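Listed below are the residues making up each chain.
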Amino acid sequence: MKQSLKVGLLVFALCGSAAVWKLIGAHATPGLQTKEVPLLEIAHRHADQLLGFPESFPLQVAVFWTSPGPDPENPLPLVHSLKEMGIPFFITRDFPQALRHRLVILYPSVDSHTFTEAQADVLTTFVQQGGFVFAQNVFSGGLQNLFGFRSFAPSRKRYRLAFCATKDPVTKYLNRPEERETQLGSDHFPEIIWSNGYIPGPGAEVLAHFDDGSAALLTNSVGKGKVYLLGLSLLDVVLRNQNNRDYEAQRHYVNTFEPGADVWLLVLRAWYEAYGKDWVRLSTIPGGQRSALLLSHDVDWENSFAPGVDFARIEKANQANSTFFIQTKYVDDANSKAFFFAPNLNILRQLEAGGSTVGSHSIIHSRGFNKFELGSGHETYPSYQPRGLGFDTASGATVFGEVRVSKELLDGEIPGQDTVFFRAGHLRVPVSLPEALERSGYLFDSSFTADDVLSNFPFALPRDLGFEEDSEIYEFPVTIEDEESPGFAKRVPQALQVILANAENGAVSVVLIHSNESILKAAAEQDLLRQLPPDIVKTDMLTFAKFWRARDRLEWSLAATSIPTEAVLQVKSDESVTGLTFEFERPIETVTGGATMFPDNRHVVLPELAPGHSVSLHINYLH
Ligand SMILES: [Zn+2]
């Protein structure tokens, strides 16, 4: 009682309006419309990594999975890296099959048991004759000469990595200071991830070194081919960051450019583009554009609904759109009164009808959400009665309850709504969030910050935030938010710099602006939108997320024909998707099948794909 009075007085003071006070004071939980949310089973799509990624065309990078032992290190980190970069690949345990491809990745490590002496010789011959190998953590003495190292030293005390000034093509995308040097973990930890510092052999070139001076990435030219050797695992520098189990490797939490995981994706991209013959890559951005700015608003206060209309209007006027994450607060608790009722619901319907999209921002928006129990999955309105008790404590609340019941309400109260996007209150993430989301029918999440996960590309969220398999959920981490001092309105130039840094990499930027006021913040958003270069797409989060999901699940292949200047690009999507773009190394003269070619003759934008249909495009290269 005392607590709710305090909240009421705070609202009164903020708004200075007796009418608002009366509304809050007179409120009793009204009946709300719900739509049933079926509880789904978990789908294990790629339980077998080999079946999930079969060999289908010569341009594919061959991933030779070196350790299938009883407790094998899964290629999931490499799957994330290659798929996010749009690099075609397959995974195999068949060594001769791998060596039939020009580009080979050995994953996760090579020790004295990986290859027989005869196989090591075959590998060396493969490189001498023009093969290209990317490997990590090679320990085998028999392969020292091939990989160009004299010795190595394992350690958990290397905290930083710096790329060297070099003409080597694999570092071509690493031009900014935040990319030239990265942090592997915070020095607050006495030990962090494992690394292997190499001492290079004669002729090898060091491309990156650790803080103790040992080599982190080196390359060795052998005959017509070349090898690259990384003294780290992508498990530790990509996936561990993405699932936020890193040793606080990020240099900031939010609002800055942090490419600590992305640099490895960009190295792999540059490696593929340097050595793939007539390579083709699936672009990260639709419509042949350079980058995308994903706009979002969190509505987590009773007075945050009405200003939302102003944001939507300004976005429309600037050819943009946004996603509103709505807190479906139907209970009074220590943190606030209920506010998920009319007239707020009318505003919500108005936003949706106007083309904005809507996601869930939980029910009680608890700072303790990351510590909630998963729950049963049968939580439902109105019997689910969670209450925030204080700063980060709650009673009667579960992860399923927050996720599932908020969807029941949004889907029930907004005509035509199917809620598939979630953002946690205070960006607190329990490890069970992917499971609760996928089993409640969600597809997308935006509960991490990009700085915190050191990634500016969307990624599949691993189940249990672990290392074994992906959930059905894709993560779109928040790049820029509005609350950090001195506030978004004063940080527009800084935000623009971060967006441009991501654009250089074909990465995306996610902006979160709370719609608690629209005078300063909407003006600042308009300022940002107007300064955006025209080749950065301005979009709501849901539209881009649907594109990303279809892109990530796309099946495609490139086949040669009997004519040397012709190839056939075959594409199949399970879902409808527009704007898929392929980038070609070799300039193109014409393309069939309703695809659009860019003036640079190297980007091809596909027409809208119908779900489940296979499309063949005939590519004629320039002579
Ligand atoms: Zn919030």
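Structure first, text after, so check above.
Remember, predicted model here, so these are calculated numbers, not experimental data.

Chemist: Can you help me understand helix α11 (residues 306–317) in this one?
Modeler: Listed in full, the buried residues belonging to α11 are P307, G308, F311, A312, I314 and E315. Around the axis of α11, the buried residues are gathered within 165 degrees of arc, so they sit on the same side. Exposed residues pointing more than 90 degrees away from the buried face of α11 are listed as R313 and A317. For α11, the elements touching its buried residues are β13 (291–299), β14 (323–326), α12 (344–353) and α17 (520–531). Once α11 ends, the next one or two residues include Q319, with phi positive near 55 degrees.

Chemist: Looking at this structure, how should I read the sheet that holds strand β12 (residues 280–282)?
Modeler: In any sheet, the strands associate via hydrogen bonds between backbone groups, in a parallel or an antiparallel arrangement. Spatial ordering of the open sheet is given by β12-β27-β30-β29, a layout of four strands whose pairing is antiparallel. On the outer flanks of this sheet lie β12 and β29 (596–597), each paired with one strand and no other. One ladder, built from two bridges, connects β29 with strand β30 (residues 603–605); its direction is antiparallel. Across the sheet, the residue bridging to T596 is V605, located in β30.

Chemist: What's the story with the side chain of E84 in this structure? I'm lost.
Modeler: For E84, the location among the structural elements is in helix α4 (residues 76–85). This buried residue, E84, is left without a salt bridge; R551 holds the nearest opposite charge, at 7.8 Å. When neighbours within four sequence positions are excluded, E84 is seen to be in contact with Q242, L265, T284, F457, P458, F459, W548 and R551.

Chemist: Explain the pairing of strand β15 (residues 357–360) to me, please; I cannot follow it from the model alone.
Modeler: Regular strands place side chains that alternate from one sheet face to the opposite one. Side chains of β15 alternate between two faces, with T357 and G359 and V358 and S360 buried alike. Judged from the four bridges that link them, β14 and β15 form a sheet pairing that is parallel. Looking at β15, one finds that F325 is bridged to G359. With respect to chirality, the unit in which β14 leads through α12 into the neighbouring parallel β15 is right-handed.

Chemist: How should the coordination of the zinc ion be read in this particular structure?
Modeler: In ideal tetrahedral geometry, four donors around a metal make angles of 109.5 degrees, whereas ideal octahedral geometry with six donors gives angles of 90 or 180 degrees. Distances from the zinc ion to its protein donors, D300 (OD), H361 (NE2) and H365 (NE2), fall within 2.0 to 2.1 Å. Taken in chain order, the donor set of the zinc ion reads D-x60-H-x3-H. With D300 in the loop between β13 and α11 and H365 in the loop between β15 and β16 (387–388), the pair connects residues that are 65 residues apart, well separated along the chain. Comparing D300 with H365 shows no difference in burial state: the two are buried.

Chemist: Looking at this model, I keep getting lost on the packing of aromatic side chains. Mind explaining?
Modeler: Two descriptors summarise a pair of aromatic rings, namely the distance from one centre to the other and the angle between the planes of the rings. Applying the stated rule across the entire model yields 28 aromatic pairs. Where F305 meets F339, the ring centres are 6.0 Å apart and the plane angle is 65 degrees; that geometry is what we call edge-to-face. Of this pair, F305 sits in the loop between β13 and α11 while F339 is found in the loop between β14 and α12, placing the two residues 34 residues apart along the sequence. Given a relative accessible area of 2%, F339 falls into the buried group. The positively charged end of R551 is found above the aromatic ring belonging to W548, 4.5 Å away from the centroid.

Chemist: I keep staring at the side chain of K226 and nothing clicks. Help me out?
Modeler: Tracing the backbone shows K226 in strand β11 (residues 225–230). The exposure class of K226 is buried, given its relative accessible area of 14%. Among the polar contacts listed, one links the side chain of K226 to the side chain of D168, at a separation of 2.8 Å. For K226, the residues in contact, after removing those within four places along its chain, are V127, G131, F132, V133, D168, T219, N220, S221 and Y275.

Basis of the calculations
- Residues numbered from 1 in each chain as written.
- Predicted model: local features only at pLDDT ≥ 70, side-chain atom pairs only at ≥ 80, totals over all residues.
- Heavy atoms only, no water.
- Buried < 20%, exposed > 50% of the residue type's maximum accessible area, 1.4 Å probe, protein only.
- Helix = DSSP H or I, 4+ residues; strand = E, 2+ residues; numbered from the N terminus.
- Arc of directions from axis to C-beta.
- Contact = heavy atoms within 4.5 Å.
- Pairing = 2+ DSSP bridges.
- Lys, Arg positive; Asp, Glu negative; His and termini not counted.
- Salt bridge = Lys/Arg side-chain N within 4 Å of Asp/Glu carboxyl O.
- Right-handed = clockwise from strand over helix to strand, strands pointing away.
- Donors = N, O, S within 2.8 Å, 3.2 Å for Na, K, Ca; no water.
- Phe/Tyr/Trp six-rings, centres within 6.5 Å; stacked < 30°, edge-to-face > 60°.
- Lys NZ or Arg CZ within 6 Å of the ring centre and 35° of its normal.
- Polar contact = N/O pair within 3.5 Å; in protein donor to acceptor, adjacent residues only side chain to side chain.

Remember, this is a structural readout, not a statement about activity or role.
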